[in-house]
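Results of the structural survey
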Amino acid sequence: MTRATKFLAAMLLALPAIVCAQKNSTPVIAIETDATGLYLVVDELCLKQSHYGARVADPGQFLQVRDMARDAYPVYGSGNPNELALAITHGNGNVTTMLAYKSHRSWDDPSDGNIKWTEITLEDTAYPVTVLLTYKAFACENVIQTMASVVSRQQRITINSIASCYLNLKSSAYYLSRLYGAPGFESNLLSERMSEGIKVFDSKRGVRNSHYDNQSFMIALENPAGELTGEVVGGALCWTGNFRMSYQVDVMHNCYVWAGINPYQAGYVLLEGGRFDTPWMALTYSPSGKGEITRNFHDWGRKYMLNEPQRIRPVALNSWEGVGMDFDQKTILEMIDRAADLGAEVFVLDDGWFGNKYPRNDERNGLGDWDINKKKLPDGFTKFIERARARGIMFGIWIEPEMVNPSQLAEKHPDWIVKAPDRPPLMHLSRQRSQQILDLSNPRVQDFVFDVFDGILKQNPEIGYVKWDANRYAPDHGSQYLPPDMQGNLWIDYVKGLYSVYERIVKKYPHTIIQLCSSGGGRVDWGAMGYHHEFWPSDNTDALQRVYTQWGINHFFPAMATSAHISQVPNHTTSGVTPLKFRIDVAMSGRLGVELQPRDMTPEELKTISSAIAQYKTIREVIQLGDLYRLTSPYEDNFASMVYVSKDRSQAVAFCFVTKYSPAQDYPVIRFSGLDPNRTYAISEINPGKSNGSPSVGKSFTGDFLMKNGIRTTFWRACESAVFRLNAK
Ligand code: DGJ
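Residues numbered from 1 in each chain as written. Predicted model: local features only at pLDDT ≥ 70, side-chain atom pairs only at ≥ 80, totals over all residues. Heavy atoms only, no water.

**A word on the overall build of the protein**
Across its full length, the protein carries 13 helices and 39 strands. Whereas a compact globule of 729 residues would reach a radius of gyration of roughly 27 Å, the protein reaches 26 Å, a difference of no more than 12%. The C-alpha extent of the protein, read off along each of the three principal axes, is 80 × 70 × 45 Å. The proportion of buried residues among the 729 residues of the protein is 64%. Here the analysis covers contacts within the protein between residues at least 6 apart in sequence; of these, 70% occur between residues at least 24 apart. (Helix = DSSP H or I, 4+ residues; strand = E, 2+ residues; numbered from the N terminus. Rg over C-alpha atoms; globule rule 2.2 N^0.38 Å. Buried < 20%, exposed > 50% of the residue type's maximum accessible area, 1.4 Å probe, protein only. Contact = heavy atoms within 4.5 Å.)

**Examining the pattern of salt bridges**
This structure, assessed with the given rule, holds 40 salt bridges. Glu345 is the salt-bridge partner of Arg620, the closest N and O atoms lying 2.9 Å from each other. Of this pair, Arg620 sits in helix H12 (residues 603–625) while Glu345 sits in the loop between helix H4 (329–342) and strand S23 (346–349), placing them 275 residues apart in sequence. With relative accessibility at 22%, the residue Glu345 sits in the partly exposed group. (Salt bridge = Lys/Arg side-chain N within 4 Å of Asp/Glu carboxyl O.)

**Here's the deal with the packing of H4 against helix H5 (residues 382–390)**
Contact geometry of H4 with H5 gives a least axis separation of 9 Å together with a crossing angle of 15 degrees. As summarised for this structure, H4 and H5 are arranged roughly parallel, according to the angle between their axes. Here H4 and H5 pass one another in a crossing that is right-handed. Here H4 contributes Gln329, Ile332, Leu333, Ile336 and Asp337 to the contact with H5, which in turn contributes Lys383, Phe384, Arg387 and Ala388. A class-by-class count of the residues in the contact of H4 with H5 yields five nonpolar, one polar and three charged. (Axes fitted to C-alpha atoms, helices over the stretch in contact; angles between N-to-C directions. Parallel < 35°, antiparallel > 145°, perpendicular 65-115°, else oblique. Left-handed = near helix turned anticlockwise from the far one by under 90°. Nonpolar A, V, L, I, M, F, W, Y, C, P; charged D, E, K, R; others polar.)

**Some remarks on the side chain of Glu123**
Note on placement: Glu123 falls in strand S8 (residues 115–124). A polar side-chain atom of Glu123 sits 2.9 Å from a polar atom in the side chain of Thr130. When neighbours within four sequence positions are excluded, Glu123 is seen to be in contact with Met98, Leu99, Ala100, Lys102, Val129, Thr130 and Arg153. (Polar contact = N/O pair within 3.5 Å; in protein donor to acceptor, adjacent residues only side chain to side chain.)

**Side note on the sheet that holds strand S37 (residues 700–702)**
Sheet architecture is open: six strands sit in the order S32-S33-S34-S39-S36-S37, paired in antiparallel fashion. A strand with exactly one partner marks an edge of an open sheet, and here the two such strands are strand S32 (627–632) and S37. Shown here is a sheet whose adjacent strand axes are inclined to one another by a mean of 25 degrees, direction ignored. Helix-sheet contacts for helix H10 (residues 543–553) involve S32, strand S33 (639–645) and strand S34 (651–658), and the interaxial angle to S33 is about 50 degrees. (Pairing = 2+ DSSP bridges.)

**A short note on the site of the ligand**
In the vicinity of the ligand, 13 residues are found, and the nearest of them are Asp350, Asp351, Lys467, Asp469 and Asp539. One nitrogen or oxygen atom from the side chain of Asp350 is found 2.7 Å from an oxygen atom belonging to the ligand. Arg433 has a polar side-chain atom sitting 2.9 Å from an oxygen atom of the ligand. Protein contacts shield 99% of the accessible area of the ligand, which totals 290 Å² for the unbound molecule. Across the shell around the ligand, the residue classes tally to four nonpolar, three polar and six charged. (Near = heavy atom within 4 Å. Areas by Shrake-Rupley, 256 points an atom, 1.4 Å probe, with all protein chains shown as cover.)

**What to know about helix H7 (residues 443–459)**
Between its terminal C-alpha atoms H7 stretches 24 Å, which fits the 24 Å expected from 17 residues at 1.5 Å a residue. Along H7, the largest kink reaches about 25 degrees and is centred on Asp451. For H7, every residue scored as buried is listed here: Val445, Gln446, Phe448, Val449, Phe450, Val452, Phe453, Asp454, Ile456 and Leu457. Where H7 starts, the residue carrying a side-chain oxygen 2.9 Å from the main-chain nitrogen of Arg444 turns out to be Asn442. (Expected span 1.5 Å × (residues − 1). Bend = angle between axes of the 7 residues up to and from the residue.)

**A look at the side chain of Ser721**
Here Ser721 shows up in strand S39 (residues 721–728). In this structure Ser721 comes out as buried when scored by relative accessible area, which is 5%. Within the local environment of Ser721, its side chain forms a polar contact with the side chain of Asp585, the two groups lying 2.8 Å apart. When near neighbours in sequence (up to four residues on either side) are disregarded, Ser721 contacts Lys581, Phe582, Asp585, Cys656, Phe657 and Phe715.

**Re the environment of Trp526**
Within the element layout of this structure, Trp526 appears in helix H9 (residues 526–529). In this view, Trp526 contacts Ala236, Leu237, Cys238, Phe297, Trp300, Gly301, Met305, Leu306, Phe556, Phe557 and Pro558; residues no more than four positions away in its chain are not counted. Among the polar contacts made by the side chain of Trp526, one reaches the main-chain carbonyl oxygen of Phe556 at a distance of 3.2 Å.

**What about the sheet that holds strand S3 (residues 36–43)?**
Taken in spatial order, the four strands line up as S2-S3-S4-S5 in an open sheet, and their pairing is antiparallel. Lying at the two open borders of the sheet, with one neighbouring strand each, are strand S2 (29–32) and strand S5 (70–71). Where S3 lies against strand S4 (residues 46–54), eight bridges are found, and the strand directions are antiparallel. Of the residues in S4, the one forming a bridge with Thr36 is Ala54.

**Considerations on the packing of aromatic side chains**
If you walk through the whole model with that rule in mind, you get 38 aromatic pairs. Seen from their ring centres, Phe347 and Phe395 are 6.3 Å apart, and the 20 degrees between their planes marks the pair as stacked. Here the residue Phe347 occupies a position in strand S23, and Phe395 occupies one in strand S24 (residues 394–399), the gap between them amounting to 48 residues. Residue Phe395 is classed as buried on the basis of its relative accessible area of 1%. Between Phe701 and Phe705, the ring centres sit 5.5 Å apart and the planes meet at 10 degrees, which makes this aromatic pair stacked. According to the relative accessible area criterion, Phe701 is buried, its value standing at 17%. (Phe/Tyr/Trp six-rings, centres within 6.5 Å; stacked < 30°, edge-to-face > 60°.)

Here it is as structure tokens:
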């Protein structure tokens with residue numbers, strides 16, 4: 001069942017209790033999880049938000065303090081002077097909207113007792129326009145998803161701006177933590193106190209949207225939060241297109257959070273009788289620090305979002321940094337053999353395998369022609385699949401099916417390409433790789449993109465892994481499919497078109513591992529992640545930068561989805577040189593993989609990598625399915641440390657990475673979290689260096705002692721590291 005049909009089935013099957021509007025007689029609308037609650041009240045037919053945060057014992061009392069509640073979904077025309085959730089131009093040109101509460105209903109999800117739905121219906125007081133606010137509460141994970149829908153029953157309207165979520169917070173101070181960066185420098189963590197005024201983080205890049213600002217945040221209330229202390233609200237917008245997150249703090253210290261599709265150049269024309277659904281926003285709350293926000297997102301994502309969430313992710317060897325597009329059949333066959341020798345479980349043939357009339361020998365040609373390059377690979381994939389099968393590993397490939405550059409496809413279908421009319425395409429921009437974007441608002445293009453995936457998989461059903469890339473951003477646009485007066489719909493319909501293609505693919509190929517990539521981490525959001533197994537966080541595989549990138553992105557996304565590959569030095573992106581042990585240890589803290597040409601490595605290095613892969617296989621269940629506790633932040637100290645703890649707290653794996661030389665030559669101390677205080681843990685070391693990473697290796701301590709005192713390491717120089725395993729007796 002697709003997600004959309006599941007939603008409809010849930011609506012039809014359930015027998016919701018519908019409460020209709022009567023002046024000020026509506027009960028509190030309580031949207032609750034095990035420990036959190038979002039409470040709404042109706043005041044003079046106006047929907048107001050009373051509270052979001054810890055669940056309260058008796059929500060009925062919110063009715064007595066309706067005057068404290070604030071507009072839950074303010075619209076332009078209602079008199080609210082702040083950031084507004086919705087602005088519509090009606091058919092007759094009226095730019096104001098007035099929404100009155102009409103009814104609400106709540107029902108248990110018929111197929112999952114952990115989920116409860118709530119839908120609130122608001123009606124415009126003058127026009128046949130309905131706004132639905134839908135909430136999906138996940139009890140155990142303490143996550144609430146919110147979205148809005150507009151139904152225009154009789155007239156064509158333009159939606160000028162529409163939030164997925166509008167949140168009112170009340171505190172004396174707010175501390176925002178978010179991710180920022182650039183291609184090759186993704187997911188750096190920034191924390192700042194929010195001053196009065198409006199801060200906006202957004203993307204206007206069309207298809208690659210998370211390189212710079214990410215659509216996820218944490219807001220600590222009152223004081224900066226620690227990992228285990230402080231009240232924190234977390235949010236993640238599930239949208240792969242242009243987004244806008246804004247945070248407005250007024251002089252009375254109210255904070256209004258707006259999250260949704262970026263309205264920039266995107267007035268959306270909704271035809272008569274049409275319905276517009278925003279993407280979901282996922283919210284969570286923790287009374288005890290940022291770590292719990294992370295664990296809530298990880299638990300929710302691993303249970304409800306990722307493809308095959310409980311499947312342990314295999315170790316991959318990807319060809320990109322090793323051979324680029326410069327390979328032939330013999331090279332790849334040998335790489336498959338060597339990948340298997342190392343213990344990798346999937347070999348991924350990256351870019352460069354396709355195109356005949358326009359061979360893909362560099363980035364300037366070939367996208368669009370997904371036929372195997374006969375000159376490079378005379379036997380197609382057949383020999384690779386046979387060899388992989390013989391060696392007991394999977395074979396995987398790279399595709400970039402939304403894009404086109406000189407190709408037979410471009411000759412045949414210039415009308416499928418996104419391009420502003422009467423102007424040459426913007427090809428001169430740097431990092432655009434001479435390529436353009438196919439117009440996924442067009443259903444024929446959606447079919448083409450689906451057919452690329454389906455065609456390859458139908459011919460080669462043993463392909464077990466597909467890396468899906470997208471390497472161009474879009475600073476201009478024009479759809480040759482949409483009518484001239486609906487051009488604002490493009491980037492929204494594009495993403496919806498992309499999701500519908502993903503949906504078809506995942507339904508047909510649920511067990512094909514799909515990696516989300518977009519020039520590295522250009523698409524790391526929970527919208528796209530809902531159709532993938534894992535993501536490629538950055539093309540920067542320099543282990544030193546990866547400590548920061550993975551630290552940042554793992555605030556919201558779990559290690560099992562975070563592809564982290566051991567690469568060669570000098571590093572492909574930074575030219576940095578780090579020790580092999582450090583590169584291995586950093587990669588082990590995510591979904592371990594390898595990104596190099598084994599032929600270029602010494603026998604000694606290959607032995608070290610293969611031994612590390614074997615050891616990773618013994619601990620990866622804890623890393624991929626366990627709870628992450630961050631211990632020391634590389635932003636605050638000269639080293640990073642973290643521990644993954646199995647759900648039953650019987651096992652843990654701790655990592656320590658020195659990022660800067662410590663002038664005091666002081667050994668980093670790992671003080672643990674998340675262990676069972678009453679159990680005794682034996683400490684061993686994974687992938688040890690020449691000497692033990694800690695004098696405590698080989699000894700046993702109680703969880704209580706490890707969390708109060710900790711253990712010390714034996715190093716202080718940059719790029720030294722250790723991985724410890726803790727086993728409860
Ligand atoms: C960008 C990706 O991030 C890389 O890993 C690689 O797949 C290249 N594209 C291939 O063109």
